[in-house]
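Listed here are the chains, written in short residue letters.
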Amino acid sequence: MKRLLPIILIFCFILHTTSVYAAPISQGLDYIAPNCADINEDVFRVELNRQVENFIKNEATKTNIRSLIEEKWSNLSINSAIDSEVDKAVDRVKSNTGYWGRFISNWRPGKAKALAQEVIELVFDTSPVVQGKFQELTETVAEDFSTKLETISVKSSTYAMECLQQFIGGQYSQPVVEIFSENLESSIKSTDGESTNLKPESLLFLKSHKLAIGGAAYLFIRNTIAKKLVDQVISRVVQQVGERIAGRIAESVIPIVDIVMLFQTIGDFANPNAALNEIQISLKKPEVKEKIKEQITDSIQKQLDAQSSAIGIQISSALYSQWQGAKDRFREALNFSKESPEFLKLLEANPAKASLLLETLLENMSRNELRESLQSGTFKQAFFLPESTYPILNRPNGLPLLLEWSNLAGRKIGDVVKLEIYKHKSPKDLDSQLLSDILSVNDPSTVSKLSLLDVNSIRKLLSVSKRNLISVSVHLSPEDLQKLAGYLGELDQLRANQLLKLLNDDPSVIKNPNVVKHILESQDISAALEFRKTPKSLLSVVRDTLGTFTGVVSLKLFLDKYGIPMNFFFIGVPLLFLLAVAVVMWFYRKWLEIVKLQISLDNSDANKSGSSTEPGN
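These lines cover the structure that appears in this document, whether it is placed above or below. (Residues numbered from 1 in each chain as written. Predicted model: local features only at pLDDT ≥ 70, side-chain atom pairs only at ≥ 80, totals over all residues. Heavy atoms only, no water.)

Observations concerning the overall build of the chain
From N to C terminus, the chain includes 32 helices and 0 strands. The burial tally for the chain puts 47% of its 617 residues in the buried class. Partitioning the contacts of the chain with sequence separation of at least 6, the portion at a separation of at least 24 is 78%. (Helix = DSSP H or I, 4+ residues; strand = E, 2+ residues; numbered from the N terminus. Buried < 20%, exposed > 50% of the residue type's maximum accessible area, 1.4 Å probe, protein only. Contact = heavy atoms within 4.5 Å.)

What follows is the structure, encoded as structure tokens:
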């Protein structure tokens, strides 16, 4: 019986809640729209809570709890189940009670009442059949109750949302309602993973009002309010109802058995089972079942009435906190909308954008300066620029600076912000053509480095192939690019692109000004590049030496590549050898000349000697 009673309790509670919204949404049942536009802000929270609570109570009156119980009761054939279990219980008591005990019950009301209570407990406390029926009753009613209570909660939330929107529009303006909606969107994004699956009836109603309350309000009710109510309030209410009904079925049945009337109907006092027979007849009367259903209905109604306030507070508090959050977040926009007609017009055009611009400017200028910008029209000019350009406003003297960039860049001002050119350059530094050329590079990293250079260096770098420039800038720092610009000013287009190719292959070259200078001094930069890439070897020395002596490659570049030791070994030694050979050859030639001279002298002496001897003969 104890298990059965909680089931009945839950059933009763569900039944009662069902009464809150018995008519399905699909039948077109709706409510009268709220009238909250003229509520004073000082009392709005209290008034909102009162209206929502009254709305819930009004919806509750539309449900016939008793008819719902009757329907479920009949579908489960609970009457026949109770009657059958009463017969079994009476038979069991007869068999367990002695003859004299049964006989005395015909004469003593106290004994008869004890037997009646024993029969009732067997039927309602221990009978698995009756307990099973009430369990089924509880489950079916619980499902229906949960659906209807959820629908009432959704309807109440929608009603409250309309009331809040009317209040905001009446006290402020319609654009502020849109600001409130934006705040709702932010709240929804922070709870994206917490959406709940509403039952079809609730979802159908909510969707039918989506256009009236707005998409953000629709999602907020679905994902936040409904979830909290389902997870916290509704589940708790069902549990409380079950706890309250537990143990009351038997208690509600016992008073129904009128012992006095029972004795008046006993016809044969000599029959020991006469009292039990009358108890059996009494418990099977329709009045017993009606009394049970009446107790269930009353319990549910009381519980629902008690929870109307809790549900109303949950709904009104959730919405009011969102309104307070919107007021805190957009406080300045709300204040300026009341004091500045110019700002109000912009707020009406695009509430979110006008608020963003206002808040951004207030971080960088005084309120008086902001008022002046509204009166002069500069605020309006900034308003019609893309929101993506507003980071410029965070620079010193941001508003005039933004407008100057807008005049210079035109429709490309978004690219100026995207590529962060405004962080390093002033509009006065550039002309429209140079800015267009910079933007045409269309590589954030390269443009970022270019914007750190002086204008003349930028122009020189932009004179080469943009593809080569982007490729080489990946490897070079802004300081390296500055050096490169200096070299490019001395080269024609062909040699400039050849230099970029060198740097793309070996970026470290730019760190050594002498190497770059020696490469540029070479007659053929392409040959110099190949010279730089050729590995050092005996064969390369011979080939490079030849190129050096022919002037294709600078001698200094040769020295840079091979270094002093290698140059001495591969060039100095051969030169010394050649010098030594030359010296030897010189001495050899001198020796030959001496030898020839000596031979000539000897021959001359010999001739003279021969001439002097001839007369003496």
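Some details on helix α3 (residues 65-75)
An α-helical turn contains 3.6 residues, so any two residues separated by three or four positions project in the same direction. Where α3 is concerned, the buried positions are I65, L68, I69, K72 and W73. Taken down its axis, α3 places every buried residue within 130° of arc, on the same side. Along α3, exposed side chains directed more than 90 degrees from the buried face belong to S74 and N75. Phi turns positive one or two residues past the end of α3, at S77, with a value near 55°. (Arc of directions from axis to C-beta.)

Topic: the side chain of S406
Relative to the helices and strands, S406 is located in helix α21 (residues 398-409). Each residue touching S406, except ones within four places of it in the same chain, is listed here: L385 and I413.

Quick word on the packing of helix α16 (residues 331-339) against helix α17 (residues 341-349)
Where α16 meets α17, the axes come as close as 6 Å, and the angle between the chain directions of the two elements is 120°. Taken as axis vectors, α16 and α17 run oblique relative to one another. Considering how the two elements wind past one another, α16 and α17 form a crossing that is left-handed. Each of A333, F336, S337 and E339 in α16 lies in contact with α17, whose residues at this interface are P341, F343, L344 and L347. Class assignment for the residues of the contact of α16 with α17 results in 6 nonpolar, 1 polar and 1 charged. (Axes fitted to C-alpha atoms, helices over the stretch in contact; angles between N-to-C directions. Parallel < 35°, antiparallel > 145°, perpendicular 65-115°, else oblique. Left-handed = near helix turned anticlockwise from the far one by under 90°. Nonpolar A, V, L, I, M, F, W, Y, C, P; charged D, E, K, R; others polar.)

A closer look at the environment of Q322
Mapped onto the secondary structure, Q322 falls in helix α15 (residues 286-329). For Q322, a relative accessible area of 13% translates into the label buried. Spatially, the C-alpha atom of Q322 lies 7.7 Å from that of F180, the residues being 142 residues apart in sequence. The residues contacting Q322, other than those within four sequence positions of it, are F180, N183, L184, S187 and F220.

A word on the packing of aromatic side chains
Throughout the structure, instances matching the rule amount to 10 aromatic pairs. Between F167 and W323, the aromatic rings sit 6.3 Å apart at their centres with planes inclined by 90°, giving edge-to-face as the arrangement. Of this pair, F167 sits in helix α7 (residues 128-171) while W323 sits in helix α15, and the two are 156 residues apart along the sequence. Both residues of the pair, F167 and W323, belong to the buried class. Judged by centre distance (6.3 Å) and plane angle (70°), the ring pair of F180 and W323 falls under edge-to-face. With F180 in helix α8 (residues 174-190) and W323 in helix α15, this pair connects stretches of sequence that are 143 residues apart. As far as burial versus exposure is concerned, F180 and W323 are alike and both buried. Taken together, F44, F167, Y172, F180, Y320 and W323 form an aromatic cluster joined through their ring pairs. The aromatic ring of F383 is capped on one face by K353, whose charged end is 5.4 Å from the ring centroid. (Phe/Tyr/Trp six-rings, centres within 6.5 Å; stacked < 30°, edge-to-face > 60°. Lys NZ or Arg CZ within 6 Å of the ring centre and 35° of its normal.)

Here we look at the packing of α16 against helix α18 (residues 351-362)
Contact geometry for α16 and α18: axes closest at 9 Å, N-to-C directions at 105°. Of the possible angle classes, the one that applies to α16 and α18 is roughly perpendicular. Across from E332, A333 and F336 in α16, the residues of α18 making contact are S355, L358 and L362. Residues belonging to the contact of α16 with α18 are distributed by class as follows: 4 nonpolar, 1 polar and 1 charged.

Overview of the nonpolar core
Soluble globular proteins: nonpolar side chains tend toward being buried together. In this structure, W323, W405, I421, L484 and L499 are the most contacted members of the largest nonpolar core, which totals 106 residues. Examining the composition of this core, we find that 10 residues originate from one element, α7, more than from any other. For W405, the residues in contact, after removing those within four places along its chain, are I392, G410, I413, V416, I421, Y422, K425, S426, P427, L430 and L435. Formed by 28 residues, the second largest nonpolar core is a distinct cluster that contains L76, F124, F134 and V288. (Core = buried A, V, L, I, M, F, W, Y, C linked by side-chain atoms within 4.5 Å.)

Here we look at the pattern of salt bridges
Applying the stated criterion across every chain, the model contains 17 salt bridges. Ionic pairing is found between K88 and E85, a salt bridge with its closest N-O pair at 3.4 Å. Of this pair, K88 and E85 are both found in helix α4 (residues 78-96), 3 residues apart, which corresponds to roughly one turn of the helix. E85 sits in the buried class, given a relative accessible area of 9%. A salt bridge links R459 to D431; the shortest N-O distance between them is 3.0 Å. Taken together, the residues span a long stretch of sequence, with R459 in helix α25 (residues 455-461) and D431 in the loop between α22 (413-418) and α23 (432-441) at a distance of 28 residues. By relative accessible area, R459 is classed as partly exposed at 40%. Here the residues in one salt-bridge network are R66, E70, E290 and K293, joined through shared partners. (Salt bridge = Lys/Arg side-chain N within 4 Å of Asp/Glu carboxyl O.)

Focus on a nonpolar patch on the surface
Together, F577, L578, V581, M585, Y588 and W591 make up an exposed nonpolar region whose accessible area comes to about 630 Å². In this fold, V581 is placed in helix α32 (residues 555-613). For V581, a relative accessible area of 34% puts it in the partly exposed group. (Patch = residues over 30% accessible without salt bridge, like charges linked within 9 Å, V, L, I, M, F, W, Y side chains within 5 Å. Areas by Shrake-Rupley, 256 points an atom, 1.4 Å probe, with all protein chains shown as cover.)

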